[in-house]
Amino acid sequence: MTIRQAINRMLPVVSETYNVTRAELMGRGREYKLAEARFVLWKLLYEELFGYTKISKPFKRDFTTIKHGVRRITEVMEYDKKVTNRYKHAKKQLTQRKI
């Protein structure tokens, strides 16, 4: 699976979970809800064994931004159960939709 295929598979799930649009997820918005959704998307892509550099290109970001986002959401999930639950919900939806 290519990075583009993975993004196309994951975007609708994360978009639905966080109630944001595809454009907002791929965009530059910095409000917390968007950042959290984007970080979750990046974490899911990273867990699919895509590297930070590969993830960064479609989002037009530096790889260190992706690395920071994945680390940050992982840290937040340690103490914020709501974030953890949203992440688990998105991950569960992905596994149910897998063909």
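What counts and how
- Residues numbered from 1 in each chain as written.
- Predicted model: local features only at pLDDT ≥ 70, side-chain atom pairs only at ≥ 80, totals over all residues.
- Heavy atoms only, no water.
- Salt bridge = Lys/Arg side-chain N within 4 Å of Asp/Glu carboxyl O.
- Helix = DSSP H or I, 4+ residues; strand = E, 2+ residues; numbered from the N terminus.
- Buried < 20%, exposed > 50% of the residue type's maximum accessible area, 1.4 Å probe, protein only.
- pLDDT = per-residue confidence, 0-100.
- Patch = residues over 30% accessible without salt bridge, like charges linked within 9 Å, V, L, I, M, F, W, Y side chains within 5 Å.
- Areas by Shrake-Rupley, 256 points an atom, 1.4 Å probe, with all protein chains shown as cover.
- Lys, Arg positive; Asp, Glu negative; His and termini not counted.
- Charge placed at Lys NZ, Arg CZ, Asp CG, Glu CD.

**A few points about the pattern of salt bridges**
Stage number 1. Per the counting criterion, the structure on display carries five salt bridges.
Stage number 2. Of the charged contacts, one joins Lys 91 and Glu 47 as a salt bridge, the two residues approaching to 2.8 Å between their closest N and O atoms. Separated by 44 residues along the polypeptide, Lys 91 in helix α6 (residues 81–97) and Glu 47 in helix α3 (residues 32–47) bring together distant segments of the chain.
Stage number 3. Among the residues examined, Glu 47 registers a relative accessible area of 32% and is labelled partly exposed.

**Focus on the confidence of the model for the protein chain**
Stage number 1. Averaged over all residues, the pLDDT of the protein chain is 95; the fraction at 70 or higher stands at 98%.
Stage number 2. The secondary structure element of the protein chain with the lowest average pLDDT is α6, at 94, and the one with the highest is helix α5 (residues 63–79), at 98.

**Digging into a positive patch on the surface**
Stage number 1. Side chains of Arg 4, Arg 22, Arg 28 and Lys 60 sit close together on the surface and give a patch of like positive charge.
Stage number 2. Position of Arg 22 relative to the elements: it lies in helix α2 (residues 22–26).
Stage number 3. Arg 22 gets classed as partly exposed once you look at its relative accessible area, which sits at 42%.

**Quick notes on the environment of Ala 23**
Stage number 1. Looking at the element boundaries, Ala 23 is found in helix α2.
Stage number 2. The class for Ala 23 is exposed, based on a relative accessible area of 59%.
Stage number 3. Separated by 12 residues in the primary sequence, Ala 23 and Leu 11 have C-alpha atoms spaced 9.9 Å apart.

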